[in-house]
Amino acid sequence: MDVALFTEQLLNGVQLGVQLFLMAAGLTLVFGIMNMINLTHGSLYMIGAFVAAALFGHTGSFLLALVIAVPATALAGALLEAAVLRHFYHRGHLDQVLVTFGLILVLNEIVKMIWGAVPVPLPVPQLLSGSVTLFADVTYPSFRLAILGVGAVVALGLYAVVAHTRIGMWVRAGASNRDIASAMGVNVELIFSLVFAAGAALAGLAGIMAGPINAVQVGMGEPVLILALVVTVIGGVGSIKGAFIAALMIGVVDTFGRVLLPPALGSMMIFMLMAVILAWRPRGLFPVHG
Amino acid sequence: MKIASIALASLLLLSASASAEEPVKIGFISTFSGPSGQLGQELLDGFNLGIKSVGGKLGGRTVEVIKGDDQAKPDVGRQLADKMIESDRVQIITGINFSNVMLAVAKPVLDSGAFIFSVNAGPSQYAGKLCNAHYFNESFQNDTLPEAMGLYLNSKQAKRVYLMAPNYPAGKDFLAGFKRTFKGQIAGEVYTAFGQLDYAAEIAQLRAAKPDAVFFFYPGGMGINFVKQYAQAGLTKEVKLYGPSFSLDQTVLPGMGDAAIGAYASAFWTEDFDNPASKKFVADFEAAYGRVPSPNAANAYDGARILDAALTSIGGKIEDKAAFRKALENVKFDSVRGHFRFNTNHYPIQDSYLAEIVKDAKGRPTMKKLELIKADQADSYASQCNMAAQ
Amino acid sequence: MASSPASYRPSSDMMAITVIVAVLAAVPVVASLVGDPFLVKIATRVVVFAIAAVALNLVLGFGGLVSLMHAGLFGIGGYVVAILAFHADDSSRLFDLFPGTTELSIGLPLAMLVAGAAAAVMGLVSLRTSGVYFIMITLAFNQMLYYFFVALQQYGGEDGLQIMSDLTLFGHAAIGRMSFYYGCLVALALVLVVVQRLINSRFGMVLRASSQNERRLTAIGIAPLRYRLTAFALSGAIAGLAGALLAAGQQFISPAEMSWVRSGDLVVMCVLGGMARVWGPVLGAAVFLVLEIVLSGWSTHWQLAFGLLIILVVVSLRGGLIDLLHLVGRRGASR
């Protein structure tokens, strides 16, 4: 593997990592703050992609589709939270897994009823359809570069919000100790709803960005959900920093594992990595709760 | 147990006396739910349209098609087959689209004396050593279309070809088929995890290998992802894509969009075949279901018409299994594929063509037939089949 | 039957087990009366999955451990039987050492041993974690097992492995419809009795206590890990037995039986039936599998109804079908 190819594969790994981070960020906050396992996060990813594809079909503008589909997914998430999930914050993890598992089946069928079982087209926006020559021998698809950029901006933005704003302080307080936070007068209910909607928006964004690369089809959220869960757990539940580092790690390990190892071993790599890390640090790399 | 045997005896008597009145019962097991759920519907739509095209009856007898959803799970498929054989007493099982479901279902069905009549899945085991008097496949054997593409690329004097497929038995069959006929150099042979979403890493390796052509096999969503990402990497014009029609048919082309334009497929049938049977099929299918049919639907359509032709030739007596088998082996019918006959191993002998992916008048990507690659193509496992021993 | 779900009355458990086994034993009679032999096949499937669900419930219902790797353990058992038959069929040797066999008196115990050993090794790592982390690490192990068998090209890979020769038990043909069904039923009865005895022993009390208050146990000098690990290994061995029976009965096994969704199905069976009792998962497996047949024959959108049902059970029937039985029983008593 020469330097140019190595660079390209590294970019591929980081780009996959960034995509996973968009998913994992919402998961880890909902996990950490509400103590809720939300398997419907993959469905929100799917909903974002489908709404964007439908809007693109009508308007022909990717940007317009993106601008409307992200808040639409946030709204869908908020509705889901208010209608069902809110009632499960105080239940055990088992009940949460089951309810959200049931919801996955329901949401998949609803999407299939609306848009059908055939994949829906969502092409790369014209402006980003080409490749960019980065230096010497390395050319890279513009759209993947755009994903990298969006992911980096979102990561920085999230970090800034969580670390340096009042809302961020409440979120952190909620994540580390819910009871004390509410005793301090933080409106925990409102924070929960906001965090959930924000997480949904990020999942929708991830789905929309993945749409032009992957197929927009029923069930597209599940494989990504599993990877995002792996990222969340390796990073440490509730930790944005952990999710970011773990996402990049998984992206790079998966990319190079696939290229360098035999296929069966390549697909086991990230699960082995997760087992090793949890055996060594049972609460992930950056545990939040005491 | 006595009651059971009396009941069974009376049922046998009943079915013997009433054979002309009873409907032909067909069990249609396929994947109707989950991510691959569309393929089952495609096959069933084609099959039903085929029955309709011959007047709604098979060999003059009414038909009862019992549908079952295997959910892509072999054990569920097996259970459905048991139910259809034992409760519904079907004479034929058809519709199966996954080879692992076929392997779970075939043995018990054949052991019970019923027929397997595949309109899709074609595992090599049943084309070769396990070939069976009551097992027929009228669609294709996995290796044949890649073999045809190997022949075509020989004729184009392609020197270095890069191969890609998912890491599962059908994927290995497809690449093995290609290597059997292709005489040039293999620039790389890559197997990816089944269900992989992102092919950026593999495409980077591919670009670095600088091949003359790429032969790939990715069914369903995997194919959509691969072709779109290949186009985004800017390789579509530099290195042409070649694949069997299953990677580039109407079940995936709408999802690929423009990314697939300019790719080549080897096919037994394309949407623009100009024989009357095919023209009628495409027009009827679009009128009935509002979409362009895929080769899978065409195969299923042919399947129903084969059953009708064979049953007509024996006066509808499906209960006479030996006669039905003979009738199938020598069946003559108007295939949408033009030439078709069964080989000694009960798999097809048919013509393979080259097709290019182009836009049709409405701007939809479709397969356009270019040239005949090989007439009367048979699969390579027939020699391992000893049907006389059956 | 008016006891509250929380209290334990071993005698009522034994009665319930007797009733369940008797009802299942009568299925072939009913099947021949109504003239539908397929009922026996459905009942066989229910019994096989009931064994797997009872196995899972040993750690899930009584140990509070939400394991998503039981489909993987189930698959290991199936592959042990299928691989042994594969080598017997072409008279080759496993690892160039052991001859294959179609004899289930060797295959079944070996399936339990291998699955139990795998559960012990993976349990040792998994049990270091708890809560969400435990769920996720068992999911990871399930995926590793899945991909491991996909990678075994010699044994069919993704396509799975057919058992071409006839299996025997002590030299007699084992997979005739009736004999196989009653064989599986005996296995279920044994599993139910063994697990019931176990959870009412001192071992079972520690296991149950460990899911409720680990700190108190540690305070009185009991390390719960040993108990959990033993339960996990035993649970894995029984799941392996169920997988071996599935493979033997359908003469086929493939990695598709080991997907994480199948692990989820087993959890749903436990919750649906009721986790508070040893025999709850048997009810769950029966209702789950029969519903699957009925609903999928009814509409292609059946998973919508299935999803809603799961949600409904979790929301309003927290003790599972057992609760429903109690409710009906109480109403009957007050009339």
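Our subject is the structure listed above.
As the structure is a computational prediction, the values presented were derived from the model and not from experiment.

Participant: Is there a simple way to think about the interface of chain A and chain C in this case?
Facilitator: In many analyses, interface size is given as the accessible surface area lost on bringing the parts together. With 38 residues of chain A in contact, the opposing surface of chain C contributes 37 residues. Connecting chain A to chain C are zero salt bridges. Counting across the chain A and chain C interface gives six residue pairs in polar contact (both at pLDDT 80 or more). Breaking the side of chain A that touches chain C down by element, the ones donating at least two residues are α4 (93-115), α9 (221-235) and α11 (263-280) of chain A. Counting residues per element, the side of chain A that touches chain C draws most heavily on α4(A), which supplies 15 residues. Here the side of chain A that touches chain C is built from residues that sort into 28 nonpolar, five polar and five charged.

Participant: Where do I start with the side chain of B:Q350 in this structure?
Facilitator: Residue and element names in this part refer to chain B. Note that Q350 resides in strand β13 (residues 348-359). A polar contact is formed between the side chain of Q350 and the backbone oxygen of S139, at a distance of 2.8 Å. With sequence-adjacent residues up to four places away left out, Q350 is seen in contact with S139, F140, F268, R337, H339, F340, K374, A375, D376 and Q377.

Participant: Even after reading the chapter, I still don't get α9(A), so can you show me in this structure?
Facilitator: One full turn of an α-helix is made of 3.6 residues, so residues set three or four places apart face in the same direction. Residues and elements named next belong to chain A. In a regular helix each residue adds 1.5 Å, so 15 residues correspond to 21 Å; α9 covers 21 Å between its end C-alpha atoms and thus fits that length. With 13 of 15 residues buried, α9 is to be regarded as a mostly interior element. Taken from the residues just after α9, G236 is the one with a positive phi, measuring 105 degrees.

Participant: Looking at this structure, how should I read the interface of chain A and chain B?
Facilitator: On the side of chain B, 30 residues touch chain A, which itself brings 36 residues to the contact. At the boundary of chain A with chain B, the tally comes to two salt bridges. Here A:R258 makes a salt bridge to B:E202, at a shortest N to O gap of 3.0 Å. In this assembly, chain A and chain B are joined by 13 residue pairs in polar contact (both at pLDDT 80 or more). Mapped by element, the contributors of at least two residues to the side of chain A that touches chain B are α1 (3-34), β2 (138-141), α9, α10 (240-260) and α11 of chain A.

Participant: Teacher, can you tell me more about the state of the cysteines here?
Facilitator: Throughout this description, disulfide means a covalent bond between two cysteine sulfur atoms. All names here are of chain C. Evaluation of the coordinates by the stated rule reveals one disulfide over all chains. Cysteine C184 remains unbridged, with the sulfur of C270 as its closest cysteine sulfur at 18 Å. By relative accessible area, C184 is classed as buried at 1%.

Participant: Sorry if this is basic, but what is going on with the pairing of strand β9 (residues 213-216) of chain B here?
Facilitator: Taken residue by residue, a regular strand's side chains alternate between the two faces of the sheet. Residue and element names in this part refer to chain B. Across the two faces of β9 the burial is the same, with A213 and F215 and V214 and F216 all buried. Relative to strand β10 (residues 240-244), β9 is paired through three bridges, and the arrangement is parallel. Among the inter-strand pairings, F215 is bridged to a residue of β10, identified as Y242. Since β9 and β10 lie parallel, the crossover through helix α9 (residues 220-232) that links them has a hand, and here it is right-handed.

Participant: So what exactly am I meant to see when it comes to the pattern of salt bridges here?
Facilitator: Pairs can form between side chains of opposite charge whenever their charged atoms are close. Evaluated as defined, the whole model comprises 32 salt bridges over all chains. Residue C:D265 pairs with B:K73 through a salt bridge whose shortest N-O separation is 3.9 Å. With C:D265 in helix α10 (residues 260-273) and B:K73 in the loop between β3 (61-69) and α3 (74-86), the pair connects residues from two separate chains. The exposure class assigned to B:K73 is buried, which follows from its relative accessible area of 18%. The salt bridge partner of B:R78 is B:D82, with a shortest N-O separation of 3.3 Å. Here B:R78 pairs with B:D82, and both are found in helix α3, just four residues apart, close to one helical turn.

Participant: Teacher, can you tell me more about the sheet that holds strand β5 (residues 115-118) of chain B here?
Facilitator: Sheet strands associate in pairs through backbone hydrogen bonding, adopting either a parallel or an antiparallel arrangement. All names here are of chain B. If you trace the six strands from one edge of the open sheet to the other, you get β2-β3-β1-β4-β5-β6, paired in mixed fashion. Each edge of the open sheet carries a strand with a single partner, namely β2 (57-58) and β6 (135-137). Relative to β5, strand β4 (residues 92-94) is paired through two bridges, and the arrangement is parallel. Residue pairing across strands places I92 opposite F115, the latter belonging to β5. Taken strand by strand, helix α4 (residues 99-112) contacts β4, β5 and β6, and its axis lies near 145 degrees from that of β5.

Procedures and definitions
Residues numbered from 1 in each chain as written. Chains lettered and ligands numbered in written order. Predicted model: local features only at pLDDT ≥ 70, side-chain atom pairs only at ≥ 80, totals over all residues. Heavy atoms only, no water. Contact = heavy atoms within 4.5 Å. Salt bridge = Lys/Arg side-chain N within 4 Å of Asp/Glu carboxyl O. Polar contact = N/O pair within 3.5 Å; in protein donor to acceptor, adjacent residues only side chain to side chain. Helix = DSSP H or I, 4+ residues; strand = E, 2+ residues; numbered from the N terminus. Nonpolar A, V, L, I, M, F, W, Y, C, P; charged D, E, K, R; others polar. Expected span 1.5 Å × (residues − 1). Buried < 20%, exposed > 50% of the residue type's maximum accessible area, 1.4 Å probe, protein only. Disulfide = S-S within 2.5 Å. Pairing = 2+ DSSP bridges. Right-handed = clockwise from strand over helix to strand, strands pointing away. Axes fitted to C-alpha atoms, helices over the stretch in contact; angles between N-to-C directions.

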